[in-house]
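# Close look at the chain arrangement
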Amino acid sequence: MTRLKTSDISNISSRLVTCNQELLAKTGRTFLGIACHAYGKDEIQIRHRVESFCIHVVPVTAGQGIISDFCETVAAILRFLGFNALVSDLPDTSGVALAFENKADAIMMADDHRFVGLNLNIRSVADNSEATGRVFAAALDLMAKGIENCEVLVLGCGPVGEAAAQTLLSSGARVVLCDIHLPAARLLKERLSVYPGGNKIVIEEDLNMAVSNYGYVLEATPAANTIPDELISDHMVIAAPGVPLGISKKGCQILKDRLIHDKLELGVAGMAISLLL
Ligand code: 2YH
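Residues numbered from 1 in each chain as written. Predicted model: local features only at pLDDT ≥ 70, side-chain atom pairs only at ≥ 80, totals over all residues. Heavy atoms only, no water.

## Considerations on unusual backbone geometry
Under the convention used in this document: Secondary structure is summarised from DSSP: a helix means a run of H or I of at least four residues, a strand means a run of E of at least two, and numbering begins at the N terminus for each. Any residue under 20% of the maximum accessible area for its type is buried, any over 50% is exposed, and the rest in between are partly exposed; the area is computed with a 1.4 Å probe on protein chains only.
With an omega of 0 degrees, the peptide bond running from Val243 to Pro244 counts as cis. Along the polypeptide, Pro244 turns up in the loop between strand 10 (237-240) and helix 11 (249-255). A positive phi angle is found at Asp92, which is not glycine, with a value near 55 degrees. Tracing the sequence through the fold places Asp92 in helix 6 (residues 92-101). A residue is classified by how much of its surface remains accessible, and Asp92, at 21% relative accessible area, is partly exposed. Phi at Asn225 is positive, roughly 55 degrees, even though this residue is not glycine. When you line up the elements, Asn225 lands in the loop between strand 9 (216-219) and strand 10.

## Details of the packing of aromatic side chains
Rules: Here a Phe, Tyr or Trp ring, Trp counted by its six-membered ring, pairs with any other such ring whose centre lies within 6.5 Å, and the pair is stacked when the planes are under 30 degrees apart, edge-to-face when over 60, and tilted otherwise.
Enumeration over the complete set of coordinates arrives at three aromatic pairs. Where Phe31 meets Phe80, the ring centres are 6.3 Å apart and the plane angle is 85 degrees; that geometry is what we call edge-to-face. With a gap of 49 residues between them, Phe31 in helix 3 (residues 31-38) and Phe80 in helix 5 (residues 70-81) connect regions that are remote in the sequence. The buried category is assigned to Phe31, whose relative accessible area is 3%. Given the relative accessible area of 31%, Phe80 is considered partly exposed.

## Things to note about the site of the ligand
Applicable threshold: Consider each residue's heavy atoms; a residue with any of them within 4 Å of a molecule or strand counts as near. Two N or O atoms form a polar contact when they lie within 3.5 Å of each other; inside protein one atom must be a possible hydrogen donor and the other a possible acceptor, and for residues adjacent in sequence the pair counts only when both atoms belong to side chains. Using the Shrake-Rupley algorithm and a 1.4 Å probe, accessible areas are obtained, with residue cover drawn only from the displayed protein chains. Gly is put with the polar residues, along with every residue not named as nonpolar or charged; the nonpolar set is Ala, Val, Leu, Ile, Met, Phe, Trp, Tyr, Cys and Pro, and the charged set is Asp, Glu, Lys and Arg.
Taken together, 17 residues form the shell around the ligand, and within it Thr2, Val60, Ile67, Ala110 and Asp111 come nearest. A distance of 2.9 Å is found between a nitrogen atom of the ligand and a backbone nitrogen or oxygen belonging to Thr2. Gly65 is positioned such that a nitrogen or oxygen atom in its backbone is 3.4 Å from a nitrogen atom of the ligand. Contact with the protein chains removes 94% of the 460 Å² of surface that the ligand exposes when unbound. Those elements giving two or more residues to the shell around the ligand turn out to be helix 5 and helix 7 (128-143). Here the shell around the ligand is built from residues that sort into ten nonpolar, four polar and three charged.

And the structure:
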């Protein structure tokens, strides 16, 4: 699991407006719109609810401790989406207690293992990996103008890849799995076999062969250079929640508007929308 570094996130807050416009150009929807699409929600109705929904982002000192700018960036993303969000003045247990005492609707907090949102009214949990996979799959669906019946290569069979694959199946895509650990791909195929279309899942064992064979790619690995420049075709469309990004700078220039990648924003948007359900 990738632990974000301050250098990964320090410029997110100042780039939200630009990134939102870029997303709009690439998908036809904004951060909020893509997250609403992922959760089947009407964006106009959601817009009316966000500003009265109060989220405390609670710093967590456990394990490797605080990442400078992490909580501030999460809160900035939430405020950009229209939520009433703040970084708690207190960390850990005290921060959780303060959120309850101040009647917050939700908490967001992360340790070294999980980044979660907790709805304090209805006791629901939003998991960052699950939300990230789901929202990037929804972004790919938008970029494809409908992913139904399209073959999609899911690179990386961890929690993000799993949520993405599940979402893609529910959108009617034909899912192809690839992971450098073959047993991980086999186990995921087995878990997904219960979903409609899950019995048709294909496993690709060779990464380069896989990347050469498919036009739609969901890149959910924690590795760099999974998609070499020379294998990027003219029609390839990629949604890449993986950190670090598996594509070089040159590869990003080749792909231009056919690539969506971020380190935190879309996942946080998905978590927040799922907390509203
Ligand atoms: O980055 C992480 C973990 N790798 C979980 C990621 C889940 N997809 N955690 C962030 C830790 C934040 C820190 N405890 C803080 O500043 O509060």
